[in-house]
Amino acid sequence: MKLNKQDILKALETISAPGEGQNMVESGAVTNIVTFADEVIVDITITNPSLQAKKKTEVEIMKTIHDIVYEKAKITVNVKVDAPTKSAPNVIKGKAIPGIKNIIAVASGKGGVGKSTVTANLAVTLAKMGFKVGILDADIYGPSMPIMFDVELERPLAVNVDGKSKMRPVENYGVKILSIGFFTKPDQAVVWRGPMAAKALNQMIFDAAWGELDFMLLDLPPGTGDIHLSIMQSLPITGAVVVSTPQNVALADAKKGVAMFQQESINVPVLGIIENMAYFTPEELPDNKYYIFGKEGAQNLAEDLNVRFLGELPLVQSIREAGDVGRPAALQTATPLEQAFEKLTQNVVEEVVRRNDNLPPTEAIKITTMAGCSAVKK
């Protein structure tokens with residue numbers, strides 16, 4: 001069948017452009033259409049810089065042309081992002097750290113799902129792959145990175161950088177680490193209000209000699225609160241990874257975690273969801289899988305939210321033991337655990353590359369006078 005450009009335009013008039021009140025044609029989002037026999041190429045420009053908006057636009061265009069024009073049409077959609085820069089009153093804007101290429105936030109809506117363990121193993125796997133990696137332990141009230149990297153007794157030293165005194169991160173397994181745990185006693189509780197915690201984080205971010213890093217991983221505290229806003233206000237986050245276990249209680253909070261990053265006022269690309277403690281396999285029965293917390297819950301959530309499922313990690317005793325003794329499980333060579341973390345890390349890197357190819361650089365979020373003071377209704 002020979003496709004007609006006018007039929008394609010008429011079909012696209014039924015779709016609203018992301019972030020616009022008008023349809024794709026009226027808003028000027030559709031910049032070019034080329035047809036040849038049963039093939040059609042659609043060039044479109046959108047203003048929403050999120051991966052989700054880009055993917056949704058592609059799917060909607062293909063589905064509409066198949067449904068309305070020709071179900072066997074061969075369609076190519078080229079989506080270009082042209083995000084407008086808006087000036088806002090009372091803007092507080094963060095700044096990038098020179099030398100750091102990608103900043104990945106590792107978050108969870110709920111505590112106890114293994115977010116810090118995943119962060120530590122992602123970091124050492126990236127380092128094994130040859131990347132320069134750092135971890136900022138932003139979990140102010142429950143810092144665990146010093147234990148997981150066996151550096152509890154270490155302290156960041158002062159170094160002179162361009163005439164200024166800065167903290168040199170502690171390093172182990174090829175990963176640079178800064179944590180509030182280096183500055184408190186093991187039995188000392190951090191009883192701080194939000195502004196004081198945010199000030200401590202800013203010091204670890206900007207008063208540190210991080211040097212050149214390919215990846216900085218941010219181990220965020222559970223939930224969606226003040227620390228998260230402070231971090232995203234201070235730093236331009238490349239993307240976020242959300243960790244969850246398969247059961248409904250954890251998934252409900254993970255969904256809120258994803259929603260926080262996708263909020264219009266924040267708009268940090270969500271790279272995907274990781275399912276931790278996906279199943280249990282006894283050592284004596286290596287072919288058996290027991291789904292203690294439910295089956296494929298995070299995988300289904302990723303599909304529902306239209307974000308990538310980055311991979312699953314088993315519930316294995318040696319992961320816990322490795323974290324407790326300060327040698328992340330991903331360092332166990334030639335084991336299924338090493339392979340699982342390598343696959344997971346490859347998927348994260350792949351999403352970062354895709355995100356950097358398709359979207360403009362992220363800016364630190366702009367907090368205006370009243371932004372973030374109440375729940376956002378959608």
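Preceding this paragraph is the structure being described.
Definitions and cut-offs
- Residues numbered from 1 in each chain as written.
- Predicted model: local features only at pLDDT ≥ 70, side-chain atom pairs only at ≥ 80, totals over all residues.
- Heavy atoms only, no water.
- Helix = DSSP H or I, 4+ residues; strand = E, 2+ residues; numbered from the N terminus.
- Areas by Shrake-Rupley, 256 points an atom, 1.4 Å probe, with all protein chains shown as cover.
- Polar contact = N/O pair within 3.5 Å; in protein donor to acceptor, adjacent residues only side chain to side chain.
- Contact = heavy atoms within 4.5 Å.
- Axes fitted to C-alpha atoms, helices over the stretch in contact; angles between N-to-C directions.
- Parallel < 35°, antiparallel > 145°, perpendicular 65-115°, else oblique.
- Nonpolar A, V, L, I, M, F, W, Y, C, P; charged D, E, K, R; others polar.
- 1 Å grid on protein atoms, 1.4 Å probe; cavity = no way out; pocket = protein on both sides within 12 Å on 5 of 7 lines; lining within 4 Å.
- Points joined across faces, edges and corners; volume = space filled by probe spheres on them.
- Salt bridge = Lys/Arg side-chain N within 4 Å of Asp/Glu carboxyl O.
- Buried < 20%, exposed > 50% of the residue type's maximum accessible area, 1.4 Å probe, protein only.
- Arc of directions from axis to C-beta.

Asks: Would you mind showing me how to read the overall build of the protein chain here?
Replies: When its secondary structure is counted, the protein chain shows ten helices and 13 strands. Per element, the accessible surface of the protein chain, about 19100 Å² overall, is 51% carbon and sulfur.

Asks: In this structure, what is going on with the side chain of Lys54? I would like to understand it.
Replies: With respect to the secondary-structure elements, Lys54 resides in helix α2 (residues 51–69). A polar side-chain atom of Lys54 sits 2.9 Å from a polar atom in the side chain of Glu58. Beyond its immediate stretch of four places on either side in the chain, Lys54 contacts Ile46, Val79 and Asn358.

Asks: Help me understand the packing of helix α3 (residues 115–128) against helix α10 (residues 336–358), please; the structure alone is not making it clear to me.
Replies: In a pair of packed helices, the angle between the axes and the distance between the axes together describe the arrangement. Contact pair α3 / α10: the axes reach a minimum separation of 9 Å and the direction vectors enclose 80°. The orientation of α3 with respect to α10, classified from their angle, is roughly perpendicular. Listed contacts from α10 to Asn121, Leu122, Thr125, Leu126 and Lys128 of α3 are Glu338, Phe341, Glu342, Leu344, Thr345, Val348 and Val349. For the contact of α3 with α10, the per-class residue count stands at six nonpolar, three polar and three charged.

Asks: What exactly am I supposed to notice about empty space enclosed by the protein here?
Replies: A water-sized probe, rolled over the atoms, reveals where empty space remains. Across all of its chains, the model carries two cavities of 30 Å³ or more by this definition. Of the voids in this model, the largest cavity is the one considered here, and its volume is about 50 Å³. Forming the boundary of the largest cavity are Ile104, Leu122, Leu126, Phe215, Leu217, Val348 and Val349. Among the elements of the structure, α3, β10 (213–219) and α10 are those that each provide at least two residues to the lining of the largest cavity. A per-class count over the lining of the largest cavity returns seven nonpolar, no polar and no charged. Every residue lining the second largest cavity is listed: Thr117, Ala120, Asn121, Met148, Ile319, Ala322, Gly323, Pro328 and Ala329. Of all the secondary structure elements, the ones that give two or more residues to the lining of the second largest cavity are α3 and α9 (317–325). Of the residues in the lining of the second largest cavity, the class split is six nonpolar, three polar and no charged.

Asks: Looking at this structure, how should I read the pattern of salt bridges?
Replies: By the definition in use, this model includes twelve salt bridges. Measuring nitrogen to oxygen at the nearest pair gives 3.3 Å for the salt bridge that ties Asp214 to Lys101. With a gap of 113 residues between them, Asp214 in strand β10 and Lys101 in strand β4 (residues 100–107) connect regions that are remote in the sequence. On the accessibility criterion, Lys101 (57% relative accessible area) is exposed. Taking the shortest distance from any N to any O, the salt bridge between Glu351 and Arg308 comes out at 3.0 Å. With Glu351 in helix α10 and Arg308 in the loop between α8 (297–305) and β13 (309–312), this residue pair connects regions lying 43 residues apart in the sequence. Linked through salt bridges whose partners overlap, the residues forming this network are Arg308, Glu350, Glu351 and Arg354.

Asks: Would you mind going over helix α1 (residues 5–12) with me for this structure?
Replies: At 3.6 residues per turn, the α-helix brings residues three or four places apart onto the same side. For α1, the set of buried residues is Ile8, Ala11 and Leu12. Taken end-on, α1 shows its buried residues confined to a sector of 95°, consistent with a single buried face. Facing away from the buried surface of α1 by more than 90 degrees, the exposed residues are Gln6 and Lys10. For α1, the secondary structure elements touched by its buried residues are β1 (30–36), β2 (39–46) and α2.

Just geometry here; none of it tells us what the structure is for.
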